[in-house]
There are 2 protein chains.
Amino acid sequence: MDDGDTLGLYRNYMTCLNEWRWEDLGRFVADDVVHNGRPLGVAGYRAMLEADTHAVPDLQFIPAMLIADGQTVACRLAFECTPQHTFLGFEPTGEPISFVEHVFYRFENRRIIEVWSLIDREAIRKQLSQ
Amino acid sequence: MDDGDTLGLYRNYMTCLNEWRWEDLGRFVADDVVHNGRPLGVAGYRAMLEADTHAVPDLQFIPAMLIADGQTVACRLAFECTPQHTFLGFEPTGEPISFVEHVFYRFENRRIIEVWSLIDREAIRKQLSQ
């Protein structure tokens with residue numbers, strides 16, 4: 001699988017997330033996916049995404065930087081959104097916030113098998129504590 | 001410049017950091033480098049690194065994941081270290097800490113011209129607040 005294939009798969013995964021097509025998630029995410037060292041599995045991964053999009057109904061995954069190398073993708077995601085419910089442990093203010101997430105994904109058999117995500121919680125904390 | 005060249009340059013940059021060869025930094029970092037949107041320049045970049053290594057004398061930059069695509073590098077850096085002075089605004093406890101940094105670098109003319117860094121400050125906060 002070359003870099004172009006992996007990027008294509010990843011872009012389709014982003015579209016799946018942005019359209020809330022949770023029933024399709026298993027096309028992109030392996031049954032035994034591990035997220036930040038936790039063996040979430042696709043069901044746990046879906047639950048996490050559903051919780052996030054419940055808390056932040058206008059959450060859109062927009063790559064600001066995106067590179068692939070073989071079976072690995074790295075993406076800087078830039079979020080502009082307005083949380084409506086508790087999000088990552090922070091209470092909403094009704095005001096929009098912006099933050100980034102830097103994520104590494106490892107693919108196996110054309111699906112995401114491992115995710116290492118870092119979210120700028122410090123930025124969220126500052127914006128939701130004002 | 002292919003991915004292998006960029007990775008080689010990046011590995012040499014890591015070695016430069018780990019050996020505190022600040023006088024060589026300009027070989028790897030452009031005069032007008034921008035860090036997280038701030039136009040630090042190589043002097044400001046060096047000052048940042050010198051401050052970090054003063055605060056954390058055993059700071060070593062170890063790539064846990066590393067990929068390149070053309071002129072862009074993405075790296076997950078895993079740190080295990082013991083801060084001795086105020087580090088990123090947190091006071092040291094004398095105990096070792098571990099945290100990660102996810103960084104994207106854009107190269108231009110074989111030097112780093114742009115850096116987007118995200119450090120897991122939440123992890124540092126938790127470990128240094130105990």
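The structure this text deals with has already been given above.
This is a predicted model, so every value here is computed, not measured.

### A closer look at the overall build of chain A
Inference 1: Helix and strand counts for chain A come out as three helices and five strands.
Inference 2: Relative to a compact globule of 130 residues, whose C-alpha radius of gyration would be 14 Å, chain A shows 15 Å and is just as compact.
Inference 3: With the principal axes as the frame, chain A shows a C-alpha extent of 45 × 25 × 25 Å.
Inference 4: Sequence separation of 24 or more characterises 53% of the internal contacts of chain A that already satisfy a separation of 6 or more.
Inference 5: Accessible surface, chain A: about 6,000 Å² in total, of which carbon and sulfur atoms supply 47%.
Inference 6: Mean positive and mean negative side-chain charge positions of chain A (12 and 20 charges, respectively) differ by 2 Å.

### A closer look at the interface of chain B and chain A
Inference 1: At the interface, 23 residues of chain B touch 23 residues of chain A.
Inference 2: Regarding the contact of chain B and chain A, the summed buried area is about 2,100 Å², with carbon and sulfur atoms giving 72% of it.
Inference 3: Together, Ile 67, Phe 104 and Leu 118 of chain B form the three largest contributors to the area buried by chain B at its contact with chain A, with a combined 32%.
Inference 4: Our enumeration of links across chain B and chain A arrives at two salt bridges.
Inference 5: Taking the shortest distance from any N to any O, the salt bridge between Glu 122 of chain A and Arg 125 of chain B comes out at 2.7 Å.
Inference 6: The interface formed by chain B and chain A holds five residue pairs in polar contact (both at pLDDT 80 or more) in total.
Inference 7: Every element with two or more residues in the side of chain B that touches chain A is listed here: β2 (63-69), β3 (72-81), β4 (97-108), β5 (111-119) and α3 (121-128) of chain B.

### Digging into the environment of Ala 43 of chain A
All names here are of chain A.
Inference 1: On the secondary structure map, Ala 43 appears in helix α2 (residues 41-55).
Inference 2: Classification of Ala 43 as exposed rests on a relative accessible area of 59%.
Inference 3: Each C-alpha atom, one on Ala 43 and one on Cys 81, is 25 Å from the other, the two residues being 38 residues apart in sequence.

### Notes on the packing of aromatic side chains
Residue and element names in this part refer to chain B.
Inference 1: For the coordinates displayed, the defined rule picks out 16 aromatic pairs over all chains.
Inference 2: Summarising the aromatic geometry, the rings of Phe 79 and Phe 99 are spaced 4.9 Å apart at their centres and angled 20° between planes, so their arrangement reads as stacked. Residue Phe 79 is found in strand β3, and its partner Phe 99 is found in strand β4; the two are separated by 20 residues along the sequence. As far as the burial class goes, Phe 79 and Phe 99 line up, both buried.

What counts and what doesn't
Residues numbered from 1 in each chain as written. Chains lettered and ligands numbered in written order. Predicted model: local features only at pLDDT ≥ 70, side-chain atom pairs only at ≥ 80, totals over all residues. Heavy atoms only, no water. Helix = DSSP H or I, 4+ residues; strand = E, 2+ residues; numbered from the N terminus. Rg over C-alpha atoms; globule rule 2.2 N^0.38 Å. Contact = heavy atoms within 4.5 Å. Areas by Shrake-Rupley, 256 points an atom, 1.4 Å probe, with all protein chains shown as cover. Lys, Arg positive; Asp, Glu negative; His and termini not counted. Charge placed at Lys NZ, Arg CZ, Asp CG, Glu CD. Buried area = accessible area lost by both parts, 1.4 Å probe. Salt bridge = Lys/Arg side-chain N within 4 Å of Asp/Glu carboxyl O. Polar contact = N/O pair within 3.5 Å; in protein donor to acceptor, adjacent residues only side chain to side chain. Buried < 20%, exposed > 50% of the residue type's maximum accessible area, 1.4 Å probe, protein only. Phe/Tyr/Trp six-rings, centres within 6.5 Å; stacked < 30°, edge-to-face > 60°.

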